[in-house]
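# Breakdown of the fold
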Amino acid sequence: MADYRNDFLDLAASCGVLRFGDFTLKSGRRSPYFFNLGAVSSGLALRRLAQCYVALLDASGVEFDLLFGPAYKGIPLAAAVATVLAEDGRDVAFAYNRKEAKDHGEGGSLVGAPLEGRVAIIDDILTAGTAIRESIRLIRAAGATPVTALLAFDRMERGQRELSAVQELEQEQNIAVHCIANLDQLADWLAVSGNPAQQQAIAAYRAEFGVITSA
């Protein structure tokens, strides 16, 4: 497993982003684990997380001109990734959207750099995909091109059909989605740092709800 994936899972466990137990998801499924990227709440942790996104971006080989963070969780992610890139000598502009358009001052729903060129969307975890789909619509409406969506974690489980939420987004929007880590990689990480009960619970959940997808 790539070092940045291990770093990310180590960070997720240490910050409480990744928790194990018995959780009821929005889908109604009972999951043996839960992922909440909002638990990254310190400057050092956010910088470590942004470094993982940058490593993913570099590994993807995607060429881009602008970062875009969907409201709300994507906003600090895009800003933090831009900061880490700047530390590496790459000054990349970023933009984000408001949930509700502003009707005074500069107005509108977009903040930051103009949406131009090739855009990489930075977000946390794909559930229904509403925020990313809205981001893609805004980017295309501005005349720019969304080239990829970068996510923290892929649960790799079926949605309403046989495809996962990530697979559905890729097919529907014709955009590549890259994730720092996914459920298979979590299982590999647990084989080293977890316990047998957690490994068995993840394996059972994967067998019941999982889909086959690329890493």
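Please refer to the structure higher up on the page.
What comes next is a walk through the structure. Since the model is a prediction, treat every value here as computed from it, not as a measurement.

### Quick look at the environment of proline 32
Examined against the element boundaries, proline 32 turns out to sit in strand β2 (residues 30–35). In this structure the C-alpha to C-alpha distance between proline 32 and aspartate 7, which are 25 residues apart in sequence, comes to 22 Å. In contact with proline 32, other than residues within four places in its own chain, are Arg19, Phe20, Gly21, Phe23, Ala201, Ile202 and Tyr205.

### Overview of the pattern of salt bridges
Inspection of every chain in the model, using the stated rule, returns twelve salt bridges. Here glutamate 63 ties to arginine 118 by a salt bridge, and the two come within 3.0 Å at their closest N and O atoms. Placement of glutamate 63 in the loop between α2 (43–60) and β3 (66–69) and of arginine 118 in strand β6 (residues 118–122) is noted, with a sequence separation of 55 residues between them. Glutamate 63 sits in the exposed class, given a relative accessible area of 57%. Among the ionic pairs, arginine 90 bridges to aspartate 88, the shortest N-O distance being 3.1 Å. The class of arginine 90 is partly exposed, set by a relative accessible area of 27%. If you follow the salt bridges from partner to partner, you end up with Arg29, Arg155 and Glu157 in one network.

### Let's talk about unusual backbone geometry
Note the cis peptide between alanine 71 and tyrosine 72, where omega equals 0 degrees. Tracing the sequence through the fold places tyrosine 72 in the loop between β3 and α3 (74–87). Residues other than glycine seldom take positive phi values, yet methionine 156 does so here, at roughly 55 degrees. Within the fold, methionine 156 resides in the loop between β7 (145–154) and α5 (165–173). Of note, the phi angle at asparagine 174 is positive, near 55 degrees, even though the residue is not glycine. By the secondary structure assignment, asparagine 174 is in the loop between α5 and β8 (176–182).

What counts as what
Residues numbered from 1 in each chain as written. Predicted model: local features only at pLDDT ≥ 70, side-chain atom pairs only at ≥ 80, totals over all residues. Heavy atoms only, no water. Helix = DSSP H or I, 4+ residues; strand = E, 2+ residues; numbered from the N terminus. Contact = heavy atoms within 4.5 Å. Salt bridge = Lys/Arg side-chain N within 4 Å of Asp/Glu carboxyl O. Buried < 20%, exposed > 50% of the residue type's maximum accessible area, 1.4 Å probe, protein only.

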